[in-house]
Amino acid sequence: MVIPFWDDLTAAVTEHPFTEELAPLLQAGDFKAKQGEVSCVYTRGKEKRVLALGLGKAEKVTCETLRRAFASAMRFAHGKKVKRLAVLVPHTRLVSEETVSSVAEGLVLTNYAFTKLKGEASQKESPTVLVEHLSLIGVKCPEVVEKIQVVAKGIYLVRDWINGNADDITPKMLAELARSLASSTPGLKAHILEKKDLEREKMGLILAVNRASNLDPYLIELSYQGDPSSQDKIALVGKGVTYDTGGLSLKPTDNMLTMKCDMSGGATVLGTVYLAALLKLKVNVTAVVPATENSIGSKSYKLGDVYRSHSGKTVEINNTDAEGRLVLADALSYAIQTLKPTAVVDVATLTGSIIMALGEEMAGLFANDEGLAQDLMGASEKTGEQLWRMPLNPDYKDSLRADFGDLLNTGGRDAGAMKAGLFLQEFVGTTAWAHIDLAGPAYVSRPKHYWPTKATGYGVRLLLEFLERRAHS
Ligand code: BES
Ligand code: MN
Ligand code: ZN
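Values in this document were obtained by computation on a predicted structure and should not be read as measured data.

*Asks:* It is not clear to me how the coordination of the zinc ion (ligand 3) should be interpreted in this structure. Could you clarify?
*Replies:* A four-donor tetrahedral metal ideally has 109.5 degree angles, and a six-donor octahedral metal ideally has angles of 90 or 180 degrees. The protein atoms that coordinate the zinc ion (ligand 3) are Lys 239 (NZ), Asp 244 (OD), Asp 262 (OD) and Glu 323 (OE), at distances spanning 2.0 to 2.4 Å. Around the zinc ion (ligand 3), the six donor atoms are arranged such that angles at the metal cover 79 to 176°; this shape is classified as octahedral. Every donor residue of the zinc ion (ligand 3) comes from the same chain, spaced as K-x4-D-x17-D-x60-E. Here the zinc ion (ligand 3) and the manganese ion (ligand 2) are spaced 3.1 Å apart, with Asp 244 acting as a shared donor. Placement of the pair is Asp 262 in the loop between helix H9 (253–256) and helix H10 (264–278) and Glu 323 in the loop between strand S12 (314–316) and helix H11 (324–339), with a sequence separation of 61 residues. The exposure classification of Asp 262 matches that of Glu 323, with both residues buried.

*Asks:* Can you help me understand the sheet that holds S12 in this one?
*Replies:* Strands pair in a sheet through their backbones, by hydrogen bonds, and they do so in one of two ways: parallel or antiparallel. Here three strands make up an open sheet; going across it, the order is S11-S12-S16 and the pairing mixed. The open sheet has two edge strands, strand S11 (306–308) and strand S16 (407–408), and neither has a second partner.

*Asks:* Can you walk me through the coordination of the manganese ion (ligand 2) in this structure?
*Replies:* Protein coordination of the manganese ion (ligand 2) is provided by Asp 244 (OD), Asp 321 (O), Asp 321 (OD) and Glu 323 (OE), with donor distances spanning 2.0 to 2.2 Å. Its six donor atoms give the manganese ion (ligand 2) angles of 72 to 169° at the centre, a pattern that matches the irregular case. For the manganese ion (ligand 2), the donor residues sit on a single chain with the sequence spacing D-x76-D-x1-E.

*Asks:* Got a minute to help me understand the environment of Val 129 in this structure?
*Replies:* In this fold, Val 129 is placed in the loop between helix H4 (120–125) and strand S5 (133–137). Along the primary structure Val 129 and Leu 215 are separated by 86 residues, whereas in three dimensions their C-alpha atoms are 32 Å apart. Discounting chain neighbours no more than four positions away, the residues touching Val 129 are Asn 111 and Tyr 156.

*Asks:* Hey, could you run me through a nonpolar patch on the surface in this one?
*Replies:* Taken together, the side chains of Leu 248, Leu 250, Ile 296 and Leu 303 present a nonpolar region at the surface, about 330 Å² in accessible area. Among the secondary structure elements, Ile 296 is positioned in the loop between strand S10 (284–294) and S11. Exposure remark for Ile 296: the relative accessible area of 40% places this residue in the partly exposed category.

*Asks:* What is the right way to read the packing of helix H5 (residues 142–163) against H10 from this model?
*Replies:* For any two helices packed against each other, one specifies the crossing angle of their axes together with the interaxial distance. Viewed as axis vectors pointing N to C, H5 and H10 meet at an angle of 155°, and their least axial separation amounts to 9 Å. Here H5 is positioned roughly antiparallel relative to H10, judged by the angle of their axes. Considering only the axes of H5 and H10, their crossing is right-handed. Mapping the contact onto sequence places Val 150, Val 151, Lys 153, Gly 154, Leu 157, Val 158, Trp 161 and Ile 162 in H5 and Ser 264, Ala 267, Thr 268, Leu 270, Gly 271, Tyr 274, Leu 275 and Leu 278 in H10.

*Asks:* Would you mind going over the pattern of salt bridges with me for this structure?
*Replies:* Once the charged atoms of two side chains with opposite charge are near each other, the side chains can pair. Per the stated rule, a full pass over the model turns up 25 salt bridges. Measuring nitrogen to oxygen at the nearest pair gives 2.7 Å for the salt bridge that ties Glu 105 to Arg 67. Residue Glu 105 is found in helix H3 (residues 96–110), and its partner Arg 67 is found in helix H2 (residues 63–79); the two are separated by 38 residues along the sequence. Per residue, the accessibility class of Glu 105 equals that of Arg 67, and both read buried.

*Asks:* Which parts of the structure should I look at to understand the site of ligand 1?
*Replies:* Taken together, 16 residues lie around ligand 1, and Lys 251, Asp 262, Asp 321, Glu 323 and Gly 352 are the ones closest in. In this structure, Leu 350 approaches ligand 1 through a main-chain N or O atom, which is 3.4 Å from a nitrogen atom. When ligand 1 sits alone it has 520 Å² of accessible area, and the protein chains cover 79% of it. Class assignment for the residues of the shell around ligand 1 results in four nonpolar, five polar and seven charged.

How each quantity is defined
- Residues numbered from 1 in each chain as written.
- Chains lettered and ligands numbered in written order.
- Predicted model: local features only at pLDDT ≥ 70, side-chain atom pairs only at ≥ 80, totals over all residues.
- Heavy atoms only, no water.
- Donors = N, O, S within 2.8 Å, 3.2 Å for Na, K, Ca; no water.
- Tetrahedral: all angles 85-135°; square planar, octahedral: opposite > 155°, others 65-115°.
- Helix = DSSP H or I, 4+ residues; strand = E, 2+ residues; numbered from the N terminus.
- Buried < 20%, exposed > 50% of the residue type's maximum accessible area, 1.4 Å probe, protein only.
- Pairing = 2+ DSSP bridges.
- Contact = heavy atoms within 4.5 Å.
- Patch = residues over 30% accessible without salt bridge, like charges linked within 9 Å, V, L, I, M, F, W, Y side chains within 5 Å.
- Areas by Shrake-Rupley, 256 points an atom, 1.4 Å probe, with all protein chains shown as cover.
- Salt bridge = Lys/Arg side-chain N within 4 Å of Asp/Glu carboxyl O.
- Axes fitted to C-alpha atoms, helices over the stretch in contact; angles between N-to-C directions.
- Parallel < 35°, antiparallel > 145°, perpendicular 65-115°, else oblique.
- Left-handed = near helix turned anticlockwise from the far one by under 90°.
- Near = heavy atom within 4 Å.
- Polar contact = N/O pair within 3.5 Å; in protein donor to acceptor, adjacent residues only side chain to side chain.
- Nonpolar A, V, L, I, M, F, W, Y, C, P; charged D, E, K, R; others polar.

Right under this line is the structure:
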């Protein structure tokens, strides 16, 4: 059982059954109840271990401090191979729904492991969910906990796809996964464009990036119409590069090492639309995922050559490793032309440059529409998935000017994340558009707080919250 304490060593609950057992620990002064601190006391009773969990200062508590503190309790439970965990939910200065949802998020998001690729023995030892029975005690709003269990199901799925081998999570597999979500979920529809369809639609940039790959490209659409009476329609476009070698502008080993994560944006938008359907949100939303590898070979698309995009603009390639903006450009203009969305948000592991700027805790937000940017910033504040607004300064568009084509695909290393954004902006016309570069937080170098594996699922709760707010307005 987990019992939360404030840093003045008072329990954060009105009463608990282990006052006696915990008294020596509290008196000894070993446990200071700092934010996330855990101490374990052993008893002879039915409850073998009692965990005292520090929440830090009562007057400083936020949703995020709660998420992280309870994440720490869950990690401790994993260390002890605990299969059953009861948790006393604290009383805090926050409203009770916020407290409950944050505690549940901290616990549930942390209760995940990825062991599919281990040998058989350790696979059995460690299933996806490590604590099998989790009960929250003192909850007056069980529906809040139930919702988080549903959301976690989507996030675990997204993490599985990103953590999975690039050889397994291929463009075709992503298409099949979308199809199977659609067939098992009321209201969800999948529409898959194959290579011949991409040729018919003249998506020359996706086809160029795909050229050296043995695997066909797909454009995956997953839609959910939760509010047929509304004209509002959101398109969520996600980068689905299932492996990024860099192409002829080949990546060095260290940079290629993590490139199975390059479909994170695609996984995120598919997971979000799946959850919108499971939660029956009153919104109309479509995920659009251009899926391909960026491979290298004798069929590679070429530096210096010019390729025609779906929009009709031509792009002169000066770096084949800037493939994400190419596949997104075609997907964005196709989504805008065919779906006529009121707003479009693209999500992509687009640049190393955004990691240099913001690190692994925050994603960068670029937008041509203040209202849309504010809505996403507001959602981010709520869910704790940190976003930082970045500029789209037209002065920098010069760097994308090409000799032969209409545009170069890269404009040099400086301000790389913004120049990628400026490139994308050329393909959205006047539609309200936002671009989230989550190259940092989508796939982290080491597990932390409620991100127990490299693939974090960052962005799913953010986009879901964004959609929910859209539904209420
Ligand atoms: N997929 C990478 C970006 C990336 C880097 C994602 C690190 C996750 C971690 C993207 O396709 C890429 O290679 N971008 C280049 C752009 C450059 C050539 C202008 C980059 O950031 O180096
Ligand atoms: Mn690349
Ligand atoms: Zn890439």
